[in-house]
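Coordinate analysis (summary)
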Amino acid sequence: MFDIQEELKKLPDRPGVYLMHDKNDTIIYVGKAVSLKNRVRQYFRASHREGIRKDQMVSLIDRFEYIITDSELEALVLECNLIKEHRPKYNILLKDDKTYPYIKVTLGETYPRVLFSRQMKKDKSQYFGPYTSAGAVKDTIELIRKLYQLRTCNRQLPRDTGKDRPCLNYHIHQCQGPCQGYISPEDYRVQIKKALDFLNGNYKPILEELEQKMQAASAEMDFEKAMEYRDLIDSVRQVSQKQKVTNSDGEDKDIIALAKDDRDAVVQVFFIRDGRLIGREHFYVTIDVGNTTQQILTSFLKQFYAGTPFIPKEIMLQTAIEESDVIAQWLSSKRGQKVSIRVPQKGMKEKLVDLAQKNARLVLNQDKERLKREEGRTIGAMKEIAKILDLPGVSRVEAYDISNTNGFESVGSMIVYEKGKPCRSDYRKFKLRTVAGPDDYASMHEVLTRRFTHGMEERKERAKKELEDAYGSFTKFPDLIMMDGGRGQVNIALQVLDELHLSIPVCGMVKDDFHRTRGLYFHNQELPIDKNSEGFKLITRIQDEAHRFAIEYHRSLRSKEQVHSVLDDISGIGPARRKALMRYFQSIDAIRSATVEQLCEADSMNEKAALSVWQYFHTQTEQCGQDSEPSDRETEHENT
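Predicted model only: the values in this text are computed from it and were never measured.

Attention shifts here to the environment of N169. Of note, N169 is situated in helix α6 (residues 168–171). For the pair N169 and K146, spaced 23 residues apart in sequence, the C-alpha to C-alpha distance is 9.5 Å. Once residues lying within four places of it in the same chain are set aside, the contact partners of N169 are T152, Q174 and C175.

Shown next as structure tokens:
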């Protein structure tokens, strides 16, 4: 038994990290301290208040543990790692977990490449970034490859020179063929140097070169070529315009500011690289009512820079934070050079911080409006449906549908909506086992029986193992079952639930003669719905989604069934021999016309197998009285 008061007496007066556990042994909070003895004791003093959320956390603490470190800096690093690993409920958490893209130039290779990278490693490559838009990075890389005709393959050169034919890029004049030795490493390096100048922002030489080539092509009446150069010029100008200069000192900075309300906070970061504003990004942070701007910024800095490989030389904040010295020391060790954390008071830097704060406030306000609209479409719509059906509340809805073609390959679908949103991880497909022919009622009876029987078995297994959270999607029963149909489908569902002794509300989604949603069938009556309401729109989405999911599964099974060759019906001809025959003869017609000796020439064929093929086709010919041509679909499939 863990005695908190006794354990508090044992706390050392040393720096370290402490972890709070609840009764389920879940880590609910991670913190660092200069003195574990003083900091951890504070939580359990009656007179000490940490805020509503922290006070609630303290009431849930069942035990705590701690890790001693040699310094506050080590404690900070450990705290960051533990928060990222465990994501405790009562820590201020950065919701976004993004990695930013870089442009990587592999200078360590004989023929360097320009690549997209999510990591900046300590190798012989040169990195540019990080950038905020992966799409913009890919566009820039594609442009550079076209401009300087750089290779994109991953061949080991010069080791693999001449081993394979040149790729398509060589034939369309977007690569100079280093894989064939058509360009020397020295000449190739000249192109790489131009690419590096371009990435460093020197666009003038390439624009002048492209302009000259465009004029020359135009003078020679090669207007198609001139248009290609014109398009490249436009692309270069677009890239150059994105690199807006905001500061003349050419240094790397991050400008960080936030806006918050009682529940949420948005942190805005401006990325300045080589004096250029290359982008901005905002991040959502979970907070408590009592969290101050300083506390939020401190937590953000720890979590954000723990996950990004690039550390700027300077970080500008809207307000000072208590742990700025130790965080700066930590970041300096990560960067390998001194990192400064400052609060600008005047000039351009102060204006940039103010601009970042205004942007954060704008995002927060816009997001509130978006969340309000989204809540109306989801949770609000669920409440409307519950009100129409006179149910106390509806959170999880399951909908079912059957799909078949004249009884062929009948399948069932189960889709799940939670709080008005699709929960696709809980979707399930059913291939009918016991029903033959187009009997939708019997099919639905099988699907529902299998679904809830499986769920009940999972629940029993969970109870046997005394598990609380480890369960599958079948274990979670819905608050409402929605059937794609009226009285008949609803009665089938009620019959299954009655057989399994389950009590779950069931309603039908009724359609009109034009196959449009009309209303809900519940307790033997059809309930009309306002067609302009969010509840009606949600019902339509659920109905369409159940239908879509069933049809897609049915199509996939049907297409698999149709992937069948006449060769599959011949004794002794398996997949390997079938492929060998098609590779050698190219068509079913050629196989039909071949002699036994010719059939033996195909790979993996022996005389017995060849004779089997010959007899099959000639027996078929005798039975039919004439040669029959294979269908277009069969020939197409076999050639594929």
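What follows continues from the structure just given.
The next thing to look at is the nonpolar core. Most often, soluble globular proteins keep nonpolar side chains buried together rather than apart. Of all hydrophobic cores here, the largest spans 31 residues; its most connected members are I144, L147, Y148, L150, F198, L210 and V236. Among the secondary structure elements, those contributing two or more residues to this core are β5 (102–105), α5 (134–148), α7 (185–199), α8 (204–219) and α9 (223–242). Apart from the residues lying within four places of it in its own chain, the contact partners of I144 are V114, Q149, L150, A195, F198 and L199. Residues L73, A265, F271 and F300 belong to the second largest nonpolar core, which totals 30 residues.

Here we take up the packing of aromatic side chains. Counted under the stated rule, the structure contains 15 aromatic pairs. Residues F452 and F477 carry aromatic rings whose centres are separated by 5.3 Å and whose planes lie at 80° to one another, so their mutual orientation is edge-to-face. Within this pair, whereas F452 is found in helix α14 (residues 440–464), its partner F477 is found in the loop between α14 and β18 (480–483), the two being separated by 25 residues in sequence. An aromatic cluster of at least three residues, connected via ring pairs, comprises F283, F300, F304 and Y305. Sitting over the face of the ring of F116, K138 holds its NZ or CZ atom 5.3 Å from the ring centroid. Directly above the ring of F477 sits R459, whose terminal nitrogen or CZ lies 3.9 Å from the centroid.

The next point concerns helix α13 (residues 379–389). Residues of α13 that are buried: A381, M382, I385, A386 and L389. In an axial view of α13, the angular spread of the buried residues amounts to 140°, which keeps them on one side of the axis. Turned more than 90 degrees off the buried face of α13, the exposed positions are K383 and K387. Positioned one or two residues after α13, D390 has a phi angle of 60°, which is positive.

Criteria and cut-off values
Every chain begins its residue count from 1, and numbering advances along the sequence as written. In view of the model being predicted, local features appear only for residues whose pLDDT reaches at least 70, and side-chain atom pairs are presented and counted only at 80 or more, with totals across whole chains, interfaces and linings using the full set of residues. In computing side-chain values, all of the structure's heavy atoms are included and hydrogens and water are not. A run of H or I in DSSP becomes a helix once it reaches four residues, and a run of E becomes a strand once it reaches two; helices and strands are each numbered from the N terminus. Whether two residues are in contact is decided by their heavy atoms, any of which lying within 4.5 Å being enough. In this description, a nonpolar core means a group of buried Ala, Val, Leu, Ile, Met, Phe, Trp, Tyr and Cys residues linked to one another through side-chain atoms lying within 4.5 Å. We call a residue buried when its accessible area falls under 20% of the maximum for its residue type, exposed when it is over 50%, and partly exposed in between, using a 1.4 Å probe and counting protein chains only. Note on aromatic pairs: the rings of Phe, Tyr and Trp (six-membered ring only in Trp) are paired at centre separations within 6.5 Å, and the planes decide the class, stacked below 30 degrees, edge-to-face beyond 60, tilted for the rest. Counting as a charge over the ring demands two things of the Lys NZ or Arg CZ atom: a distance within 6 Å of the ring centre and an angle within 35 degrees of the ring normal. Arc, as used here, means the arc of the directions from the helix axis to the C-beta atoms.

This is a description of form; function is not addressed.
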